[in-house]
Each structure stands twice: as C-alpha cells, then as structure tokens.
Amino acid sequence: MNDQLRIVTRYGSRWQTIDWQNSLKAMCRSLPELLAHCHLSPEDLPKQQQASDDFPIKVTPHFLSLIEKGQPNDPLLLQVLPQPQELSQHAAFISDPLDEASFNPLPGLVHKYRSRVLLISNPSCAIHCRYCFRRHFDYAGNTPRQADWQQAADYIAADSAINEVILSGGDPLSSNDSQLAALIHKLEPLSQLTTLRIHSRIPVVMPERITDSLLSLLAGSRLKIVLVLHINHAQEIASELREACQLLQRAGVRLLNQSVLLRGVNDSLAAQTALCHSLHQADIQAYYLHLLDKVQGAEHFLVSDDQARQLYRQMQAALAGYMLPKLVRETAKQPHKSLLPV
C-alpha cells in the first residue's frame, strides 16, 4: 500500500463504522413514518398517499436527521415529501423529458453526447427526490447484469470518440464495492478512456457509504475519477459529508456539484449564496445549477426562466466567479447542455 493510500484509509470516525447496507434497510419508506419523524400531522393524507404510491418514498436515516422537526416547509423535507400536486396532469410535463429512450442503443447505456456515454450501473437510489427526471424511467429494460457489461465495453471500444464514461442510475454507489470494482476493471483496459465520472447523491444522504474499500478502488484506478454530487441546499452539507469529501479528495477524486433550481427549496438569493459558500468551504466545485426537467409529477417545483435569470443576476453580484455554478437546462436531442442567457 502506498503512502497516499495509507493516508486515505486511516480513519476512525464513528459514522464510518456504520454498515451502509444496514442504513439502506433502515430507510423511511412510508408517508406516516416520514410525517411522524418530522413531527407533522397529515392534512391531506389520501392524496399524498396516492402520490406516494405512484413514486414510493425513500429517505435515509442520515437525511432524515437533517430535516428540521415541526417545519412543513423545511427545504429538505419538501424534496422527499409526496404532494397532491404530483397527481395533476400538465401537457408540458412528460414521463421522459430528455427523450433518453432515443439514445439508448443497449440496455443500460445512454449515448447522447459525442465523447461520453452514460451507464445505468444500478437502478436503485438511497433517496427518492420528488423532482427526479428519471422517476418514470424504464429501469426494467435498462438494468444489465454484471455479465452484460462486456456488451457495453464492446460498444465503447468501437467508437474512438468516446473518452469518458458516466456512471449513473438510480445511483451507482448503491452497488457494493465488489460490483463497482468489476465494472471499473471492465472499463480500464479501454485505452481511449481517460475519465470515469460518477453521479451520486449517496455521499450526501448516506456518507457512511464512503468505505475503505471504495476509497482504495477509486485511488487505484488509472482513470481520472470525477464525482458529481447532487446537493440542493446548504442544510445538506453536514459534518459527515465534509469528512467524507476530505477522504475522497485525498484519494485523488475531483468533486463537483450540480443542483436543481426548485421552487420553495432553493429559489432565493439567501439559499443559493449559502449553498455556494458551503460548497466552497467543503472544497466542492459548484458546477451546474439546473433548471427543472419537466417530468410528470414535478410541476410544482418549477421556477420560470425569468425568475431564474433574475436570481442568477443577483448571484453574480453576490458571489465570486469561482463560486458561481453555470445556469443550464438540458433539452431533448440537443448535443450539449444549454446555458440560460441572463
């Protein structure tokens, strides 16, 4: 073991001794349990329950602990609490807002951008965010077995323009370390690949997932590892996450953050500046501030383009340029994300 790896794996914090798979088993999965934990009484339980039936509740114990009790408008609670508005139908809000089905040549593989492909490496998440653009995704048809990854590797090898693989889901860190190692070791021999990007919310909602073996796996890869976190509010950046990020950075992992602009959650200058400052203090680079993908069931989170532009101009005046994320939207059939003109 080299000196860098000794530094990476030498820790003894209490939260890292928790078995992360037991945390998955202990997660909140029902509306009554969620409301009881938050010291709230249901006002419209039948419709909220119906929304929960459509897209089940999943919340980890760690994320639950960050929700302020007795506050129905807590910004973290609003991200996971089913709402009656989810049952409304809006013509502009559809099941596949990014038309990923048109860029899905193999099960589990999405090839929308020329130089990179996305692999659905695990269909499961440790948290169900109510605005998730893949809440209606066909995971049944896009969950390859470990034995099927050779087909994806062959597809990548046949296209020399591909130099980056993005692991997504679900959440790729829902896979255990041996499963991740098998996939990464399948990709590493492809000489054209330079970067492995992992998109994950799990370190935010379950920091105990950052295990010794995961750190060793990432530190030992020949690929440049980029971990894109999904943090929407400064309240999500707890001490456990900051410590997990330090360990990842020592393992040579570059940390970026993308968030979604959500009405009632982070659509204020105070919320955005607090988030950007907290990211900076944790050495996480603010990367993207996404406009909401118009997925069916998420209309109540929508912030208009005009409101987003006004907020972003305020952010430009309030924040140093290196703290400022790019304000973007993703559009079906566009070969890149689009900057929103401000």
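It should be noted that the structure appears before, not after, this text.
Residues numbered from 1 in each chain as written. Predicted model: local features only at pLDDT ≥ 70, side-chain atom pairs only at ≥ 80, totals over all residues. Heavy atoms only, no water.

**Some details on the pairing of strand E2 (residues 116-122)**
Taking burial as the measure, the seven residues of E2 include six buried ones, the bulk of the element. Across three bridges, the pairing between strand E1 (residues 109-113) and E2 is antiparallel. Along E2, the bridge assignment pairs Leu109 with Leu119. Where E1 folds back onto E2 in an antiparallel hairpin, the turn is made up of two residues. Pairing geometry for E2 and strand E3 (residues 164-169), over six bridges, is parallel. Counterpart to Leu119 in the pairing with E3 is Leu167. Viewed along the sheet, the connection from E2 through helix H7 (residues 149-157) into E3 turns out right-handed. (Buried < 20%, exposed > 50% of the residue type's maximum accessible area, 1.4 Å probe, protein only. Helix = DSSP H or I, 4+ residues; strand = E, 2+ residues; numbered from the N terminus. Pairing = 2+ DSSP bridges. Right-handed = clockwise from strand over helix to strand, strands pointing away.)

**Here's the deal with helix H12 (residues 269-281)**
Its 13 residues place the ends of H12 18 Å apart at the C-alpha level, agreeing with the 18 Å of an ideal helix rising 1.5 Å per residue. Ala271, Gln272, Thr273, Leu275, Cys276 and Leu279 are the residues of H12 that are buried. Against strand E6 (254-260), strand E7 (285-290) and helix H13 (305-318) lie the buried residues of H12. Looking one or two places after H12, you find Asp283, whose phi comes out positive at around 60°. (Expected span 1.5 Å × (residues − 1). Contact = heavy atoms within 4.5 Å.)

**What to know about the sheet that holds E1**
If you trace the nine strands from one edge of the open sheet to the other, you get E1-E2-E3-E4-E5-E6-E7-E8-E9, paired in mixed fashion. Among the strands making up the open sheet, the edge pair consists of E1 and strand E9 (338-339). Both E3 and strand E4 (residues 195-200) contribute to a ladder of four bridges, which runs parallel. The residue of E4 that forms the bridge with Val165 is Leu196.

**Remarks on unusual backbone geometry**
Although it is not a glycine, His39 adopts a positive phi angle of roughly 60°. Relative to the elements of secondary structure, His39 occurs in the loop between helix H3 (31-37) and helix H4 (45-54). Look at Asp99: it is not a glycine, yet its phi comes out positive at around 50°. Mapped onto the elements, Asp99 comes out in the loop between helix H6 (77-80) and E1. According to the relative accessible area criterion, Asp99 is buried, its value standing at 17%.

Nothing here speaks to function; it is geometry throughout.
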